[in-house]
Amino acid sequence: QKEVEQNSGPLSVPEGAIASLNCTYSDRGSQSFFWYRQYSGKSPELIMFIYSNGDKEDGRFTAQLNKASQYVSLLIRDSQPSDSATYLCAVKGTSYDKVIFGPGTSLSVIP
Amino acid sequence: NAGVTQTPKFQVLKTGQSMTLQCAQDMNHNSMYWYRQDPGMGLRLIYYSASEGTTDKGEVPNGYNVSRLNKREFSLRLESAAPSQTSVYFCASSRGQGVYNEQFFGPGTRLTVL
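Residues numbered from 1 in each chain as written. Chains lettered and ligands numbered in written order. Predicted model: local features only at pLDDT ≥ 70, side-chain atom pairs only at ≥ 80, totals over all residues. Heavy atoms only, no water.

Visitor: Help me understand the overall build of chain B in this model?
Guide: Helix and strand counts for chain B stand at zero helices and 11 strands. Overall, chain B shows an N-to-C arrangement of helices and strands of β-β-β-β-β-β-β-β-β-β-β. Its C-alpha radius of gyration of 13 Å places chain B within 12% of the 13 Å reference for a compact globule of 114 residues. By principal-axis analysis of the C-alpha atoms, chain B measures approximately 40 × 25 × 25 Å. By residue count, 49% of the 114 residues in chain B fall in the buried class. For chain B, the share of sequence-separated contacts (at least 6 apart) that also reach a separation of at least 24 residues comes to 55%. Carbon together with sulfur atoms contributes 49% to the accessible area of chain B, which is approximately 5300 Å² in total. Taking the average place of the 11 positive charges on the side chains of chain B and the average place of its 8 negative ones, the gap between the two points comes to 5 Å. (Helix = DSSP H or I, 4+ residues; strand = E, 2+ residues; numbered from the N terminus. Rg over C-alpha atoms; globule rule 2.2 N^0.38 Å. Buried < 20%, exposed > 50% of the residue type's maximum accessible area, 1.4 Å probe, protein only. Contact = heavy atoms within 4.5 Å. Areas by Shrake-Rupley, 256 points an atom, 1.4 Å probe, with all protein chains shown as cover. Lys, Arg positive; Asp, Glu negative; His and termini not counted. Charge placed at Lys NZ, Arg CZ, Asp CG, Glu CD.)

Written out as structure tokens, the structure reads:
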């Protein structure tokens, strides 16, 4: 079992819809969880992090964490074509200072 | 602040050649990382340095060496390049303390080994 898993996609949603991106992880002791956005040919950039169970909202983005189910998700409301990118889930586990990245989910927002 | 910088941006090597990828950060971060990214594989950790003077292997360290020259700089060396090392290489840095550990990435180096 891979340590961090994501649906590879591609995920296609119409402009204005809600995009839902999912991530599961294997290390039950994981402490913090990150969502990075990566445009084609560019480096990853952090858009959200969460470390407590529940929801965390930042503008159009909501991160949801359920540690009991070892599941973290990212919701993008009112999706825009500029949201088209690969979204990487990253998990900080019990090993000091190491973050494990998932393979990423490709999102395409159709105008 | 420049954040995380990497040189070179592009490089083509022949099998067996050696080269060093340079990385520097100006955010006074303690921890630095080298990743490679291949299609469908996500980011894989090669080596990391939790603090100045320490380095540790990541998921895919074979064929690479690193040097944490000082707090700002972390270099990655390929001693004898192989076609399997064709990839995009990213350097990143973080404060390295506490649960947050947000990582900031450099622009990447696209390496092709012929």
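Visitor: Is there a simple way to think about the state of the cysteines in this case?
Guide: What makes a disulfide is a covalent bond joining the sulfur atoms belonging to two cysteines. In this structure the tally under the stated criterion is two disulfides over all chains. Paired by a disulfide, A:Cys23 and A:Cys89 hold their sulfur atoms 2.0 Å apart. An S-S torsion of about -70 degrees defines the bridge between A:Cys23 and A:Cys89 as left-handed. Of the two residues, A:Cys23 is situated in strand β3 (residues 19-25) and A:Cys89 in strand β9 (residues 85-92); the sequence distance between them amounts to 66 residues. Overall, the relative accessible area of 1% leaves A:Cys23 in the buried class. Bridging B:Cys23 to B:Cys91, the disulfide has an S-S length of 1.8 Å. (Disulfide = S-S within 2.5 Å.)

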